[in-house]
Amino acid sequence: PVTDGLVARLIATGLDRDLAEQVVSAMPARTRRDVTQGQLRDALADCLTPLACAQPLGAVNMFVGPPGVGKTTTIAKVAAQARARGERRFRLVAADGYRVGAVEQLCMYADIIGSPCVVARTPKEAVAAVEASALPTLIDTPGLSPANEEAAAFFAALGAIPDVRTHLVVPGTTSPRDFERLWERFAAATPDRVVMSKVDEAESVMPLVRVLREREIPVSLIGLGQQVPEDLVTAAPELIAACLLGQVPMVHA
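Predicted, not measured: the structure shown is a model, and the values here were computed from it.

Definitions and cut-offs
Residues numbered from 1 in each chain as written. Predicted model: local features only at pLDDT ≥ 70, side-chain atom pairs only at ≥ 80, totals over all residues. Heavy atoms only, no water. Salt bridge = Lys/Arg side-chain N within 4 Å of Asp/Glu carboxyl O. Buried < 20%, exposed > 50% of the residue type's maximum accessible area, 1.4 Å probe, protein only. Helix = DSSP H or I, 4+ residues; strand = E, 2+ residues; numbered from the N terminus. Axes fitted to C-alpha atoms, helices over the stretch in contact; angles between N-to-C directions. Parallel < 35°, antiparallel > 145°, perpendicular 65-115°, else oblique. Contact = heavy atoms within 4.5 Å. Nonpolar A, V, L, I, M, F, W, Y, C, P; charged D, E, K, R; others polar. Core = buried A, V, L, I, M, F, W, Y, C linked by side-chain atoms within 4.5 Å. Polar contact = N/O pair within 3.5 Å; in protein donor to acceptor, adjacent residues only side chain to side chain.

**Observations regarding the pattern of salt bridges**
As enumerated under the stated definition, the model contains 6 salt bridges in all. A salt bridge links Glu87 to Arg85; the shortest N-O distance between them is 2.9 Å. Classification of Arg85 as partly exposed rests on a relative accessible area of 39%. Close ionic contact of Arg181 with Asp178 constitutes a salt bridge, the shortest N to O distance being 3.2 Å. One end of the pair is Arg181 and the other is Asp178, both in helix H8 (residues 176-185) and 3 residues apart, which spans about a single turn. Residue Asp178 is classed as partly exposed on the basis of its relative accessible area, which comes to 38%.

**So, the packing of helix H2 (residues 17-26) against helix H3 (residues 37-47)**
Between H2 and H3, whose axes approach to 9 Å, the crossing angle comes to 105 degrees. Overall, the two elements H2 and H3 adopt an arrangement that is roughly perpendicular. Together, Leu19, Gln22, Val23 and Ala26 of H2 and Leu40, Ala43, Leu44 and Cys47 of H3 make up the contact between the two elements. Considering only residue class, the contact of H2 with H3 consists of 7 nonpolar, 1 polar and no charged.

**What to know about the nonpolar core**
Formed by 65 residues in total, the largest nonpolar core has its most connected members in Phe179 and Ile222. Once you skip the residues sitting within four places of it in the chain, Ile222 turns out to touch Met196, Val199, Asp231, Leu232, Val233, Ala235, Leu239, Ile240 and Cys243.

**Quick notes on the side chain of His167**
Inspection of the secondary structure puts His167 in strand S5 (residues 165-171). His167 gets classed as buried once you look at its relative accessible area, which sits at 0%. At a separation of 2.9 Å, a polar atom in the side chain of His167 contacts the side chain of Ser220. Beyond its immediate stretch of four places on either side in the chain, His167 contacts Pro56, Leu57, Asn61, Met62, Phe63, Val64, Arg193, Val195 and Ser220.

Written out as structure tokens, the structure reads:
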């Protein structure tokens, strides 16, 4: 039957069977026979709507995660894209006194972009840097787990700032088991959304998307590569769908 064929077609692109069946069942029966790839992507996007943050960024944004996942690069991309669009500049706060290289990299990006950058060596300095800013803020945090006493002090102080949005940065290659460990490891930082980074390195982001759907954790941003500022998109449902179908989302300027 047509329905079985469509399900098989979606599974062949990397979707789990349950998601493929959900997509097909959501489509009107009359449209299933001659469906195009674009229509399938649109139907998949409709099913992924709860996964996309309605408001991915706020006035204060804290990025958490272990070293090497792309926190600093993500912050640079966000700030550079805002600058390119002629929007308000972001203030960058380097709350990571543990990795000198990370601080230097963030301040270098800030200098190129023309955004102010503040280095905060203590939790008190980090909070003061945020509270003193009239600009929206992007905070780079230690790659250490909140189980580390000093890192925990940073997360506790920054997490107490009103309306802070905490993004756990997770590579697209992350397995469900590794995600569970990562989410538990940074639970004390109280992340409320995820940045899917390094999607270009993943054969499929379906395993990660599966656990995010199960846990109802929304995605704020998608990192598509290392280029600053190009390789970053807001996690709209149609762009998550494109990633799942193995298509490279177009970056909207």
